[in-house]
Amino acid sequence: MPAKRLIKRWAVGVKNVLRNDLPKKTLPTGAPKRLISQPLMARIRFLAVFIGLLPAMLFAAGEVYRPVSVTPPPPAREFRGAWLVTVANKDWPSKPGLSVAEQKAELIALLDRAVQLKLNAIIFQVRPSSDALYASTIEPWSEYLTGTMGKAPQPFYDPLVFAIQEAHQRGLELHAWFNPFRALHPQTKSSVAPNHISRTHPELVRKYGDKIWLDPGEPSVRAYVLRVVMDVVQRYDVDGVQFDDYFYPYPEKDTAGRELEFPDGATWQKFGLANGFLNRDDWRRANVNQFIQSVYQSIKALKPRVKFGISPFGIWRPMNPPQIRGLDAYAKLYADSRLWLANGWLDYFAPQLYWAVEPKEQSFPALLNWWVQQNPKGRHLWPGLNAANVGEKWGPDEIARQIKVTSSQSGARGEIFYHLRNLTDNPALASVVRAAYPQTALVPASPWLDSVPPDKPKLTVAENSHSSLRVNWETAGETAWLWILQYRTNEVWATEILPAHQTTRTFENFRPDMVAVSAVDRVGNVSSPAAI
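Residues numbered from 1 in each chain as written. Predicted model: local features only at pLDDT ≥ 70, side-chain atom pairs only at ≥ 80, totals over all residues. Heavy atoms only, no water.

**Structural notes on helix α9 (residues 280–302)**
- Along its 23 residues, α9 runs 33 Å from first to last C-alpha, staying within 8% of the 33 Å computed at 1.5 Å per residue.
- A side-chain oxygen of the first residue of α9 lies 2.8 Å from the backbone nitrogen of D281; this N-cap is N279. (Helix = DSSP H or I, 4+ residues; strand = E, 2+ residues; numbered from the N terminus. Expected span 1.5 Å × (residues − 1). Polar contact = N/O pair within 3.5 Å; in protein donor to acceptor, adjacent residues only side chain to side chain.)

This is the structure in structure tokens:
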């Protein structure tokens, strides 16, 4: 108990004594009279005891908070992410050609809203179409920044460096999102830069319908994309790398409605048949499988803490589970995503479950439950939710139902919203998210990457007055990624998750009974708490 409460109780007792509020006893008949009355003697004895204890009480008042051993309640754990889409300027920047100051202000506003909604991760699209929203010596600047492919922002800045700094300052993870094989978007407006791969290596690019695509069957294509990804992993302090659902392209049709064949016949002859493959579809899947495995292994060899995630089309194959109908991503996109999950070639899996709860043939809960059962390695499973449908196909209550289904599904701890501006610009949807996330949460830990907790931090009292308390803390070993600040008042604990740069807290006009601080590392391990 803080000493000020103890002293207050003593003061009330003294006040009662001086007011003569002590119970009075009547002297027995015939008792000798005293020069000092019995009530007064009682008050004198009380004051003597009080004065005798005063030095100890004053010492205690200056040493109110001492180290204690305590186990505060664990913080909430779930992934709360949103895709920040740059292709076609869907989320950021709102249009090409904004000034650098305007671009920065827009991005800060989006990150601030993410924090207000208690999200804890942003998946930032850094490579929409073999271009870059960061300073790259391999690929040209994206047209979505300046309006011209290959043109750097002026005055110069690196948007990815800026995004990482601003996200981390707010305690948000930032994952770099790559579209691995799309070479040019059909809606590209800018002229193609001279250093774009369609210009430097046209032999690696295929035209398919209205799409321009890198051929995954070319070993040099897979090596090229891997080089692009690893360049970002090496140079930037990203928390994760993510691919979406584009591997081989979605099927295109000719004017007669017939499905077009992806034009990789020469590649198939050279690298498929020549290497013993008898089935072209199996070879295509093997190309993608080899690429996914090499990306995962390369990231872990360079920076094991960087999470690798994939967000594939939400249906692996129709009839899985039996009620499901829809596109066969295994046969049409050559994406054997169940294999990647089963083999543990990723750290998190975010199937795009872009369907409602009720429809039987594309049932959100049925698909989520099925995917959970395909996860023998125990990787993170965080479904993608189509927030963009709210206001068009759905009301916001549909997203509320999907969040509830996910939270009740064992083996799924969080979700990712497509996409961020849908949350920030739709008040009804934002209200749903706020209701679903009443308190902040830590991203779930990844024990297969690292399970060693950081050292217990050092917690000290910097200022301790009758009306306020200020505490400081610092790391005792490796640099912390986040801090968990917890304090107890009247037996009720409050929990806050703070960014690494915040290492002090002042409690104004009240002082909690107990304060505890824990350190969190980059993969989510939590130290034992330092408490006073």
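**Describing helix α3 (residues 100–116)**
- Compared with the 24 Å implied by 1.5 Å per residue over 17 residues, the 24 Å span of α3 between its first and last C-alpha is a close match.
- Within the span of α3, buried status applies to V100, Q103, L107, L110, L111 and A114. The buried residues of α3 occupy an angular sector of 100° when projected down its axis, which confines them to one face.
- Where the residues of α3 are buried, they touch β2 (79–84), β3 (121–127), α4 (143–146), α5 (159–169) and α14 (420–425).
- Of the residues one or two after α3, K118 is the one with positive phi, at around 65°. (Buried < 20%, exposed > 50% of the residue type's maximum accessible area, 1.4 Å probe, protein only. Arc of directions from axis to C-beta. Contact = heavy atoms within 4.5 Å.)

**Details of the packing of aromatic side chains**
- The tally for this structure, following the rule as stated, stands at 31 aromatic pairs.
- Residues Y134 and Y236 carry aromatic rings whose centres are separated by 5.8 Å and whose planes lie at 75° to one another, so their mutual orientation is edge-to-face. In this pair, Y134 is assigned in the loop between β3 and α4 and Y236 in the loop between α7 (219–235) and β8 (240–243), connecting sequence segments 102 residues apart. Both residues of the pair, Y134 and Y236, belong to the buried class.
- Over the face of the ring belonging to Y246 we find R182, whose NZ or CZ atom lies 5.2 Å from the ring centre.
- The cationic tip of R338 hangs over the ring face of W316; the distance from NZ or CZ to the ring centre is 4.0 Å. (Phe/Tyr/Trp six-rings, centres within 6.5 Å; stacked < 30°, edge-to-face > 60°. Lys NZ or Arg CZ within 6 Å of the ring centre and 35° of its normal.)

**As for the environment of Q409**
- On the secondary structure map, Q409 appears in the loop between α13 (396–408) and β13 (414–417).
- Along the sequence, Q409 and P365 sit 44 residues apart, while their C-alpha atoms lie 8.4 Å from each other.
- Not counting chain neighbours up to four residues away, the residues in contact with Q409 comprise L368, N369 and V372.
- Side chain to side chain, Q409 and N369 meet in a polar contact 3.3 Å long.

**Structural notes on the confidence of the model for the protein chain**
- Model confidence for the protein chain is summarised by a mean pLDDT of 91, while 88% of its residues fall at 70 or above.
- Note on residues 21–35: pLDDT is under 50 here. Beyond four places in sequence and across chains, it has 8 contacts. (pLDDT = per-residue confidence, 0-100.)

**What to know about the pattern of salt bridges**
- Going through the model one piece at a time under the given rule, you end up with 26 salt bridges.
- For R206, the salt bridge identified is with E218, shortest N-O distance 3.2 Å. Here E218 lies in the loop between β7 (211–214) and α7 and R206 lies in strand β6 (residues 205–208), a separation of 12 residues in the sequence. Exposure class is identical for R206 and E218. Each is buried.
- Linked through salt bridges whose partners overlap, the residues forming this network are D237, D239, R305 and R522. (Salt bridge = Lys/Arg side-chain N within 4 Å of Asp/Glu carboxyl O.)

**A few points about the environment of K270**
- Counting through the fold element by element, K270 comes out in helix α8 (residues 265–272).
- Here K270 falls in the exposed class, since its relative accessible area comes to 56%.
- Residues K270 and G217 lie 53 residues apart in sequence; the distance between their C-alpha atoms is 9.5 Å.

**A closer look at empty space enclosed by the protein**
- The tally for this structure, following the rule as stated, stands at 1 cavity of 30 Å³ or more.
- The space that makes up the largest cavity amounts to roughly 30 Å³.
- What lines the largest cavity is simply S129, D131, E143, Y144, M149, L184, H185 and T188.
- By residue class, the composition of the lining of the largest cavity is 3 nonpolar, 3 polar and 2 charged. (1 Å grid on protein atoms, 1.4 Å probe; cavity = no way out; pocket = protein on both sides within 12 Å on 5 of 7 lines; lining within 4 Å. Points joined across faces, edges and corners; volume = space filled by probe spheres on them. Nonpolar A, V, L, I, M, F, W, Y, C, P; charged D, E, K, R; others polar.)

**Considering the layout of surface pockets**
- Each pocket or cavity is described by its volume, and for the largest pocket that value is around 520 Å³.
- Residue lining of the largest pocket: 24 residues in total, with K90, R182, D245, Y246 and Y418 positioned closest to the centre.
- Here the lining of the largest pocket is built from residues that sort into 13 nonpolar, 6 polar and 5 charged.
- By volume, the second largest pocket amounts to about 380 Å³.
- Lining the second largest pocket are 24 residues, and of these L119, R170, G171, T440 and I497 sit closest to its centre.
- Where the lining of the second largest pocket is concerned, the elements lending two or more residues are β14 (441–442) and β18 (492–499).
- The dominant element in the lining of the second largest pocket, judged by the number of residues it contributes, is β18, at 3 residues.
- Taken together, the residues of the lining of the second largest pocket sort by class into 13 nonpolar, 5 polar and 6 charged.

**Overview of unusual backbone geometry**
- Cis geometry marks the peptide bond from W92 to P93, where omega comes out at -20°.
- Its location among the elements puts P93 in the loop between β2 and α3.
- With an omega of 0°, the peptide bond running from N320 to P321 counts as cis.
- Looking at the secondary structure, you find P321 in the loop between β9 (307–310) and α10 (329–332).
- Positioned with a positive phi, N490 is a non-glycine residue whose angle comes to about 55°.
- Residue placement: N490 occurs in the loop between β17 (482–489) and β18.
- Classification of N490 by relative accessible area gives exposed; the value is 56%.
- Here the phi dihedral of E491 falls at roughly 70°; this positive angle occurs in a residue that is not glycine.
- One can find E491 in the loop between β17 and β18.

**Re the nonpolar core**
- Core analysis: the biggest nonpolar cluster contains 113 residues, and F178, F243, I292, F308 and F417 have the highest contact counts within it.
- Of the residues forming this core, the biggest block, 9 residues, is contributed by α7.
- Once residues lying within four places of it in the same chain are set aside, the contact partners of F417 are G81, A82, W83, L119, L385, A387, I399, I403, L423, V433 and Y437.
- In terms of nonpolar packing, the next biggest core, distinct from the first, is built from 17 residues, L459, V471, V515 and A519 among them. (Core = buried A, V, L, I, M, F, W, Y, C linked by side-chain atoms within 4.5 Å.)

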